[in-house]
Amino acid sequence: MKKNILILFLLFACTGLFAQQFGFIEKTYEITGKAKRGSLVDVKYIAADGQYKLYYTIKSGATSITMQIYTFDKDFNFVNMKDQVIEINKLNELKAQNPFDFSWVNFNSESYVVEGNTVEGNLVGTLVIKKKRTTYFYNWFNLAYDKKVEILEKVKPKNDEGSRFYYYTHFEDDANGDLFILCGAREVKKGPDPMKHHREFHILKYNKNLDLIKDLKIPFEYYNGYIYAKGITKTAENSENETIDNLIFMFAPYDLGKSNREPDNKNYRYIRMDKDLNITEDIPVKSKASYWSIDYMLATEDAVYVFGPLAAGKDDFYNQLAGNVSKYKSVQLMKIANKKIEYLTETNLEEFASKLKTPPSQKSSPEYKGKKFDIINYKVFPNGDFMVVGQNYKLNSDNEKQFADIIAFHFDRTGVLKAQYGLDTKESNEYSKKYGTPQSMLLGKNTNNMYWVVQEIRGYSDWYNKILTYPRVAKVEMNSASLGDFTAFGDKEFFLDPKFPYLEAEPGKLVFFGSNKSGKTIWFAKIDME
């Protein structure tokens, strides 16, 4: 018995010592039953007063809503709690008078309709456009809009030659109803080139009334295939949705027979255009291998990063290798800035293995081995470093992902690998395997320090319909690419809030926010990010 008590004491003592390295402060508070059953709609940090305010909706009616507002000081000591009844017809007036306290107000009307469009290809790839009506209804309990989508009549557009289009992909702008479609022009019946849709691509833009605004033709000398597309959005005014600002498409050579076959199957093409379909960048890309399975494209204000595994050593064309590569030998990273390729680098598995780093106290050494890997997050740092975090996974008998080890790739400002970080997950249950582990990369007060936050998945709450996660944190020194040990917070008793897991704080601090599983006791934890 004494031995067990000693072991427990040592465990708590060690946890306390590890937490001290982050200047750990932790507080809890039991909210009312009304707040627990209500909806947390906003959390505010008032820097001038050093206070936090939590806004819960506890009652909603036809003419008013009742809020319960909690105030805590910067160290999470309770200050006060008050109920506030707000008349619905005065919401926007109150927001205009006090935009900080009422920033959560997004009410325009009880309901509104956005007419738009959707698109699909039929069984033989023919482009089919359908009208779509989205009706938004304001939910006074959650203070957000719910929506209902109706798919209406369809049309089949034709180009000026009378042949139908072959559908590839599309983007819908739910803010204004615009529709952007990538398609290929089919050859007319008995025409000379049955694969014309692989040499003549079109971007079609329709407005919400299905008027064709523009048809941008993109011709190729040789057969190509669309391999990746990204719609880059920005915040739309007076809308619940993002609006499309520009589009990026990437193409790779296809082998569809001896005629019209690209002599060099590594000659990719990158095309970017604005929302009016004016091409702003058209860049040839000489890939290091013929098959580049692009995982993700990250667009910042001044650059675009393209990342994915590469089938090095294989000479077949893209369309011959797609879906047939079980293990990749390298990874390719491209950065485009100032309308040109700034770098295009290849990192092979041997280099990944040679630069593997793990937390000092971790015994195992998980690493990327060129097999199935799912991207969770990306980040570009002020010094130009680029980092990818994700997880290895396998497919079960139902073809569902089963997540395992956490892996991060750390590249320098020229695209050269600085380190591969391998991390064991602490939780191994049906939910942690089913859902990818959420991860964030946060800069410290010293921008050479990055804090890697891993949200371990403990379980699932049916009542709140959310996964239960608690944070583990480690510091990465960016210049030296050194990884410290991870520290867990919440003692697996408190779980991060799905809407507000991290709260704003004074400079150099990070605040975690959540509650116990029932939601009755809220939890704050503050750490130093030096």
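Described below are features of the structure shown in this document.

Rules used throughout
Residues numbered from 1 in each chain as written. Predicted model: local features only at pLDDT ≥ 70, side-chain atom pairs only at ≥ 80, totals over all residues. Heavy atoms only, no water. Pairing = 2+ DSSP bridges. Helix = DSSP H or I, 4+ residues; strand = E, 2+ residues; numbered from the N terminus. Axes fitted to C-alpha atoms, helices over the stretch in contact; angles between N-to-C directions. Buried < 20%, exposed > 50% of the residue type's maximum accessible area, 1.4 Å probe, protein only. Phe/Tyr/Trp six-rings, centres within 6.5 Å; stacked < 30°, edge-to-face > 60°. Lys NZ or Arg CZ within 6 Å of the ring centre and 35° of its normal.

Quick word on the sheet that holds strand S5 (residues 78–87)
Backbone-to-backbone hydrogen bonds pair the strands of a sheet. The strands run either parallel or antiparallel. Within the open sheet, the 4 strands sit side by side as S2-S3-S4-S5. Their pairing is antiparallel. Strand pairing shows two members of the sheet lacking a second neighbour, strand S2 (39–46) and S5, which therefore form its edges. Across the sheet, the mean angle separating the axes of adjacent strands is 20 degrees when strand polarity is ignored. One ladder, built from 9 bridges, connects strand S4 (residues 64–73) with S5; its direction is antiparallel. Along S5, the bridge assignment pairs Phe72 with Phe78.

Brief notes about the pairing of strand S19 (residues 330–337)
Two faces, one strand: in a regular strand the side chains alternate between the faces of the sheet. Of all 8 residues that make up S19, 8 are buried, and the element is covered over most of its length. Residue alternation in S19 divides its side chains into two sets, Ser330, Gln332, Met334 and Ile336 and Val331, Leu333, Lys335 and Ala337, and both sets are buried. The pairing of strand S18 (residues 304–310) with S19 spans 7 bridges and is antiparallel. Its bridge partner lying in S19, Val304 is registered against Ile336. Pairing analysis gives 8 bridges linking S19 to strand S20 (residues 340–348), with the strands arranged antiparallel. Residue Val331 lies in a different strand from S20, and its bridge partner there is Thr347. Linkage of S19 to S20, two consecutive antiparallel strands, is achieved through a turn of 2 residues, within which Asn338 is found at a positive phi near 55 degrees.

Quick look at the sheet that holds S19
If you trace the 4 strands from one edge of the open sheet to the other, you get S17-S18-S19-S20, paired in antiparallel fashion. One side of each edge strand has no neighbouring strand; the edge strands of this open sheet are strand S17 (296–299) and S20. Taken pair by pair, the neighbouring strands of this sheet meet at an average axis angle of 15 degrees, ignoring direction.

A short note on the packing of aromatic side chains
According to the stated counting rule, one finds 45 aromatic pairs in the structure shown. Between Tyr52 and Phe76 the ring centres are 5.6 Å apart and the planes differ by 40 degrees, which places this aromatic pair in the tilted class. Of this pair, Tyr52 sits in strand S3 (residues 51–60) while Phe76 sits in the loop between S4 and S5; the two residues are 24 residues apart in sequence, bridging distant segments of the chain. Taken together, the ring pairs in this structure connect Tyr29, Tyr45, Tyr52, Tyr56, Tyr70, Phe72, Phe76, Phe78, Phe513 and Phe524 into an aromatic cluster. Between the NZ or CZ atom of Lys44 and the centre of the ring of Phe100, over which it lies, the distance is 4.8 Å. Directly above the ring of Phe381 sits Lys379, whose terminal nitrogen or CZ lies 5.9 Å from the centroid.

Quick word on unusual backbone geometry
Negative phi is the rule for most residues except glycine; trans is the rule for most peptide bonds. You will see that Phe76, though not glycine, has its phi angle at about 75 degrees, which is positive. With relative accessibility at 3%, the residue Phe76 sits in the buried group. For Asp491, which is not a glycine, the phi torsion comes out positive at approximately 50 degrees. Within the secondary structure, Asp491 is located in the loop between strand S30 (487–488) and strand S31 (494–496).

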